[in-house]
Amino acid sequence: MSSADLSSLARLRGVQTRSISPENPDGSAGGGARATEGTGAACARDLGPGWKISPSVDIAPGETYELASIEGAGRITHFWVTTHTDHWRTMLLRAYWDGTEEPAIEVPYGDFFCNGWCTFAQVSSQTVAANPHGGFNSYWPMPFRAGARLTLENLSAVPARVYFQITYETGGQPDREGYLHAQWRRSNPLANLTPHTILSGIEGAGQYVGTYLAWGVNSNGWWGEGEIKFYLDSDDDCPTICGTGTEDYFGGAWNFDVPGRGYTAYTTPYLGLAQVLRPDGRYLSQQRFGMYRWHVLDPIAFSSRLRVDIQALGWRSGGRYLPLHDDIASTALFYLDRPAAPRPPTPTADDMEVHLGSGALPAPG
């Protein structure tokens, strides 16, 4: 929490706090712990009502489950959720604002929480915290004027047991706030001499606030010489903001390579290399990385249009850059002056799949 947040924490704002979970599915006042049936009913058979009867939900294969439906103006302030690691790339998280039919957020479950490889990585940032073992937390402010709806779609072949809690406030004045959007794209493999598109086709006024990349390396050598570019408003061929290298954008330097230690993971309030997955000499043959950069103190403002892409470059002989064909999945987060925006096609289970050399998903235990 920044000093500005702490300084305003004591200010009384005239809002009311509500929270939606399987124990209070509509967030109503006094509506918690009333369940008589649920996933914990058998465990509470000797205790009766009020004793953890409905702590979670089961989402069937192919089912879209509505986590929350909120009417009126408000703001989601915290979202905690957990499920089995095998479902981190087989479920789609969506959020809809103000009754729109198109989601503003459509992202694989794990990628939204900086865990895109179905293998846990600790993330200790201001807006996203991922804690052992798969306790995912989002503190991204999610304001809305007329209503909000959050869903999870299970694209796997087996049920998913999900525990969650969505805390929000009603009242306040969200009229001057933008809507949170999150979009996911994957290049697998990246086409030759083509940057990976992080965001494209966005029109309106807003500010770009975050990038998460799940980057799988498909060749030997260093992979992060490429630059990230932000094309703002009237920019066409040349961007207004151009980075100096992949590790530089994520706040690192010199290949993330600490002498004697190699790639070194780190997690900080606004940026990090949270995950370094190394080959195991058997089925996991490639290096994979997870990186985040939150533009919380340095949001990138645009007034009419936004496009973002990143290059994938290594080295070849003679000190020349080598265009790479890596597996890059990106999650872009931004606030916009409208509740819906053009977005990429909805990913399929095959689009999201992480190839880890394992068999089919186990039955839930």
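In what follows, the structure referred to is the one given above.
A.B. asks: What should I look at first to understand the sheet that holds strand 14 (residues 196-203) in this one?
C.D. replies: Strand pairs in the sheet, formed through backbone hydrogen bonds, run parallel or antiparallel to each other. Pairing is antiparallel across the open sheet formed by four strands, whose spatial order is 14-24-16-17. Only two strands of the sheet have a single partner each, and these edge strands are strand 14 and strand 17 (241-242). Relative to strand 17, strand 16 (residues 228-232) is paired through two bridges, and the arrangement is antiparallel. Residue pairing across strands places Phe-230 opposite Ile-241, the latter belonging to strand 17.

A.B. asks: Help me understand the packing of aromatic side chains in this model?
C.D. replies: According to the stated counting rule, one finds 23 aromatic pairs in the structure shown. Ring geometry for Trp-222 and Trp-223: centres 4.9 Å apart, planes at 45°, overall tilted. Across this residue pair, the class does not change: Trp-222 and Trp-223 are buried. A ring pair is formed by Tyr-263 and Phe-289, whose centres lie 4.8 Å apart and whose planes are at 70°; its orientation type is edge-to-face. Residue Tyr-263 is found in strand 19 (residues 262-263), and its partner Phe-289 is found in strand 22 (residues 288-294); the two are separated by 26 residues along the sequence. Phe-289 gets classed as buried once you look at its relative accessible area, which sits at 0%. Members of the aromatic cluster, connected to one another through ring pairs, are Trp-215, Trp-222, Trp-223, Phe-256, Tyr-263, Tyr-266 and Phe-289. When the ring centre of Trp-117 is taken as origin, the NZ or CZ atom of Arg-89, which lies over that ring, is 5.8 Å away. Looking at Arg-307, its charged tip hangs above the ring of Tyr-231, at a distance of 3.8 Å from the centre.

Criteria and cut-off values
- Think of each chain on its own: its residues are numbered from 1, step by step along the sequence as written.
- Reporting of local features is limited, given that this is a predicted model, to residues whose pLDDT is at least 70; pairs of side-chain atoms are given and counted only at 80 or more, and all residues count toward the totals for whole chains, interfaces and linings.
- Note that the side-chain values use all heavy atoms of the structure and ignore hydrogens as well as water.
- Should DSSP find at least two bridges between two strands, the strands are taken to pair.
- Helical segments are the DSSP runs of H or I of at least four residues, strand segments are the runs of E of at least two, and each set is numbered from the N terminus.
- The rule is short: rings of Phe, Tyr and Trp, with Trp giving its six-membered ring, pair when the centres are within 6.5 Å, and they are stacked under 30 degrees, edge-to-face over 60, tilted in between.
- Exposed residues in this analysis have more than 50% of their type's maximum accessible area, buried residues have under 20%, and partly exposed residues fall in between, with area computed by a 1.4 Å probe over protein chains only.
- Here, a charge over a ring is recorded when the distance from Lys NZ or Arg CZ to the ring centre is within 6 Å and its angle to the ring normal is within 35 degrees.

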